[in-house]
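Read off the chains here:
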Amino acid sequence: MSNNDSLASSPWAAFSGPNLGYVMDMYDLYLTNPEEVDQDLVALFKQYGAPSVNTSNSTATSTVDAGNIEKVLAAVQYAEAIREIGHLAADLYPLNNQPKDFSRIEANAYGLTDADLINMPASILLKDVPASVHNALDAINYLKSIYTEKIAYEFSQVVNKEEKNWIQSKVENGALKTNLSADEKKEILNMLNKVEGFEQFLHKTFVGVKRFSIEGVDSLVVLIDELIRRSENRGTKDVVIGMAHRGRLNVLTHNVHKPYQMMLADFAHVPSELFLPKDGSLEATRGWSNDVKYHLGATYKAPNGSTIKMAYNPSHLEVVSPVVTGQARAAQDATEKPGLPEQDKSKSLAILVHGDAAFAGQGIVTETLNYSRTLEFNTGGSVHIIANNMIGFTTERQDSRSTVYASDPAKGYEVPVIHVNADAPEAVVQVARFAVEYRAMFGKDIVIDLIGYRRYGHNEMDEPMITNPTMYNIVHNHETVRALYGKQLVSENIVTEEDVTKLQKDIKDELQTALDYVKEVGKGHETSLEMPEAVKNGAPKDIATAVEKERLEKMNEELLTFPEDFHVFKKLGKILNRRRDPFQGKGKIDWGHAETLAFGTILQEGTPVRISGQDVQRGTFSQRHLVLHDEQNGNEYVPLHHISGSQASFAPINSPLSEAAMVAYEYGYNLENEKALAIWEAQYGDFANMAQVMFDNFISSTRSKWGVKSGVVISLPHSAEGQGAEHTSARLERFLQSSAENNWTVVMLSSAANYFHLLRRQAKTLGTDAVRPLIMMSPKSLLRNQLVGADVEELTNGEYRPVIEHNTTGQDAEKVKKIVFASGKMAIDLAEKIGSGEGYEHLHLIRVEQLYPFPEEEIVEILAKFPKVKTLAWTQEEPKNMGSWSFADPYMRELAGKGQKVVYVGRDAHSSPAEGDADSYKEAQAKVIDEALSSK
């Protein structure tokens, strides 16, 4: 790429006369036949562009021999090699147990001698030449001092020229090598002393108790502290930290300011809530089932008005990263006005702490990097920190990845990477300052590879010498960063040895005093956590969700009125215009129409709506059309941005082709903005398989583990339609298996009206104690089915119904001998077969819309109306070992009356969720329907 204003002066400045003419001729040839030009020159043309006369360097270039083109070009290549691969020779590893590669940053690799370099001006290699640099040899040595010491850089992957030049300028102008003041150095030592003292106290006081020590990357706390401080100075009000268990307790204590007493209480089995700060500066919740201390989070409210949050996180390493970025985006979005949310990227910062093995090994890392600069998922740049222990559980780098560095996946996303030696805390502080400035300048992610080691095993009961003796023989003889830095400051006459000793004693005394107090206050207290009444009671049943007809009709007309200069695709225009018909007594409101009306009313009531997923703007089945495109110029128009009375933002977002990260992001968004209706929709329900960890570790159980409330909505198209095994099942059985303690609502609807009311009910519970996630098996072919469609009156007078009695069966209660229960498409297939009900007087069809919490009361009321019933048949299209049968079976047996039998009607158990072709599907489905509707 052309780079005429590179920070190193153009090498063409070294040429004049015939030599410059030669280079210019080669450039002309390069433009037409690049294959005929020497590849070294081609590389320079790509980097520096066309050769040109630079009179400002004429005096400097006079020292270059007239025929020395190759030497000058070689010198430029030499300097570029230092910039690009100097990191391979850098002093990055505290244990000094990794090879350093100098082979490509030595003069002889380029056919150069020191004498050659002395005879060249420094200005051909550096733009801003320091006073101490007098020639190219000095410039080379200067570059080595920049690129091969305790900090190393990788930014050649950055494509944007301005961005790349800015980074290079900062690096080569010495911005990351400035000296800290004596007070700043003392502050670093004090922090390192607290970090180490905390770990050593726990290690000796609570022997063998798991804490996943930070020791070996102690500077992580210093790094995070500087990131927070510098970001707050730039106006950041919310800092959200996501990390796994390694070092988490130390970060919680020293960066999130969880008091020593609370942390020690967790180890001493004393209720930590006894020691919550009385000033309300810290929020830390727990659920009734609780969780281990190194999964818990907290929120600190600083005196300056900012908040620092540690996200609650299970052991599944990297999955918290998208949760945290979702929280950060929600903190940046102003959602009080119609239209898209107004984003202020400076308001919040996401700090994501990764393990080295996990960063390289887990795909959700690259999912998170991939969406980091997309319009509706960017947060103005996250700061990624790899707390690099140089080891996984027991796996060293040669077995854990195929790349040189754990950070290498980030380079594919044009993210700059800075490696820094964790035993060089001053360098760590400089890197933090650079990262904050870079983010503010370019709004992009940046990776800090904090390279250290792990002092103990994977946990405090693990013996690392069993599997990694070479590394741990070095570790056992390696001084801690606190000890090393203390000696450095003593040698610099900033502190005395007595000062260092006193710091150690002070932290030990402080912790012992805190523990003594915890034990005294905690006597007789036991942790007793109970499920809140709002959870025990289930979802409230008195939420009014009906909407006046006049309001709906006015909104509907506004949704179908477009600007004069907007040209709707004609075919789509005809489809949308049919949405007027139900308000004129013709036809029904289909699924997508009911959804749009629900969204509109929710916005009018002040609740922001955010729906994301693959192709949600149009809808996978071309049913939604939230965003319209001008057929002449492609301009977008969002009708819901233009309805009257709207008091909140609406964001319909086509997401990247990712599931786990997107589900996590929307979950995080709702955590931060508890009043926002955040919805993620899978393109097909089976796509949710890729996000299973999010359902298992977060959405299903966060309230019981951590006391964290969520109202996120998950929409999963689900039904068998002869399209093969995949794209059929959203694995309903998995969600039902995790259903307990009123943790969420699981539905499989067969009514557009029910969908309208359910969305409105969900919106009204947001921000209340009654809130819970909503898992919805949504329809595909039913989207336009007339039996699913709603009359206007069902929206204006109705309510959400967990079960629906089919209207053409059960007319004569005395004749009903069989009640058939079914959900979703199965229920509608049965209803279509039943038709008017003639010939089916022996049965009654119950459409079970809500599967969890199981609607026992409603079913009991229905059963009471049919005293002659002998058979309760649960019918489903999924195989017997899948779907809802296994979940519903015990409930149905408990509800069955004396003499009533409960039977399953459906396919046998299978390993695959559906038949592989349309013909076999139709045959199997017909058998199920016939058996379900038979009199047997």
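Everything numeric here is computed off the predicted structure, so don't read it as measured data. (Residues numbered from 1 in each chain as written. Predicted model: local features only at pLDDT ≥ 70, side-chain atom pairs only at ≥ 80, totals over all residues. Heavy atoms only, no water.)

Participant: Looking at this structure, I do not really get the packing of aromatic side chains. What am I missing?
Facilitator: Both the distance between ring centres and the angle between the ring planes are used here to describe each pair of aromatic rings. On inspection of all chains with the given rule, the structure shows 33 aromatic pairs. Considering the side-chain rings of F854 and Y891, the 4.6 Å spacing of their centres and the 15° angle between planes classify their relative orientation as stacked. Taken together, the residues span a long stretch of sequence, with F854 in the loop between strand 23 (850-852) and helix 31 (856-864) and Y891 in helix 32 (residues 885-895) at a distance of 37 residues. According to the relative accessible area criterion, F854 is buried, its value standing at 7%. Judged by its relative accessible area of 23%, Y891 falls in the partly exposed class. Between the aromatic rings of F887 and Y891, the centroid separation amounts to 5.3 Å while the plane-to-plane angle is 50°, which identifies the pairing as tilted. Of this pair, F887 and Y891 both sit in helix 32, separated by four residues, roughly a single helical turn. Take F887: its relative accessible area is 13%, and that puts it in the buried class. Each member of the aromatic cluster is reached from another via a ring pair, and the members are F821, Y852, F854, W874, F887 and Y891. (Phe/Tyr/Trp six-rings, centres within 6.5 Å; stacked < 30°, edge-to-face > 60°. Helix = DSSP H or I, 4+ residues; strand = E, 2+ residues; numbered from the N terminus. Buried < 20%, exposed > 50% of the residue type's maximum accessible area, 1.4 Å probe, protein only.)

Participant: Hey, could you run me through the sheet that holds strand 5 (residues 307-310) in this one?
Facilitator: Where strands meet in a sheet, backbone hydrogen bonds hold them as pairs that are either parallel or antiparallel. Strand order across the open sheet formed by nine strands is 1-10-11-9-8-2-5-4-3, with mixed pairing between neighbours. At either margin of the open sheet sits one strand with a lone partner, and together these are strand 1 (151-154) and strand 3 (282-283). Sheet topology note: the strand 10 (residues 417-421)/strand 11 (residues 446-451) ladder contains five bridges and is parallel. For N421, the partnering residue across the bridge sits in strand 11 and is I451. (Pairing = 2+ DSSP bridges.)

Participant: I keep staring at the nonpolar core and nothing clicks. Help me out?
Facilitator: Nonpolar side chains tend toward joint burial in soluble globular proteins. L220, I241, I351 and I385 are the most contacted members of the largest nonpolar core, which has 124 residues in total. When residues of this core are assigned to their parent elements, the largest contribution, 11 residues, is made by helix 4 (residues 69-85). Counting residues in each nonpolar core, the second largest holds 74 residues, with L352, I699, M748 and L851 among its members. (Core = buried A, V, L, I, M, F, W, Y, C linked by side-chain atoms within 4.5 Å.)

Participant: Where do I start with the packing of helix 9 (residues 219-233) against helix 16 (residues 425-442) in this structure?
Facilitator: For any two helices packed against each other, one specifies the crossing angle of their axes together with the interaxial distance. Axis separation between helix 9 and helix 16 bottoms out at 9 Å; the angle between their running directions is 35°. Seen from above, helix 9 lies across helix 16 with right-handed handedness. Packed against helix 9, whose contacting residues are S219, V222, L223, E226, L227, R230 and S231, the element helix 16 presents P425, V428, V429, A432, R433, A435 and V436 at the interface. (Axes fitted to C-alpha atoms, helices over the stretch in contact; angles between N-to-C directions. Left-handed = near helix turned anticlockwise from the far one by under 90°. Contact = heavy atoms within 4.5 Å.)

Participant: Even after reading the chapter, I still don't get the confidence of the model for the protein, so can you show me in this structure?
Facilitator: One rule of thumb: low pLDDT means the predicted coordinates there are not for detailed reading. Here the protein averages 93 in pLDDT, while 97% of its residues score no lower than 70. Per-residue pLDDT stays below 50 along residues 1-7; that stretch engages in 29 contacts with residues further than four places along the chain or on separate chains. A low-confidence stretch, residues 55-63 stays under pLDDT 50, and its non-local contacts, those more than four residues away or across chains, total 10 contacts. (pLDDT = per-residue confidence, 0-100.)

Participant: It is not clear to me how unusual backbone geometry should be interpreted in this structure. Could you clarify?
Facilitator: Generally, phi is negative for residues other than glycine and the peptide bonds are trans, each holding for most cases. In this structure, P853 follows Y852 across a cis peptide bond, with omega equal to -10°. Mapped onto the secondary structure, P853 falls in the loop between strand 23 and helix 31. Positive phi, normally seen in glycine, also occurs at N493, with a value near 60°. Tracing the sequence through the fold places N493 in the loop between helix 18 (481-491) and helix 19 (497-521). Residue class for N493 comes out exposed when judged on its relative accessible area of 70%. Phi at N742 is positive, roughly 50°, even though this residue is not glycine. Note that N742 resides in the loop between helix 27 (732-737) and strand 18 (745-748).

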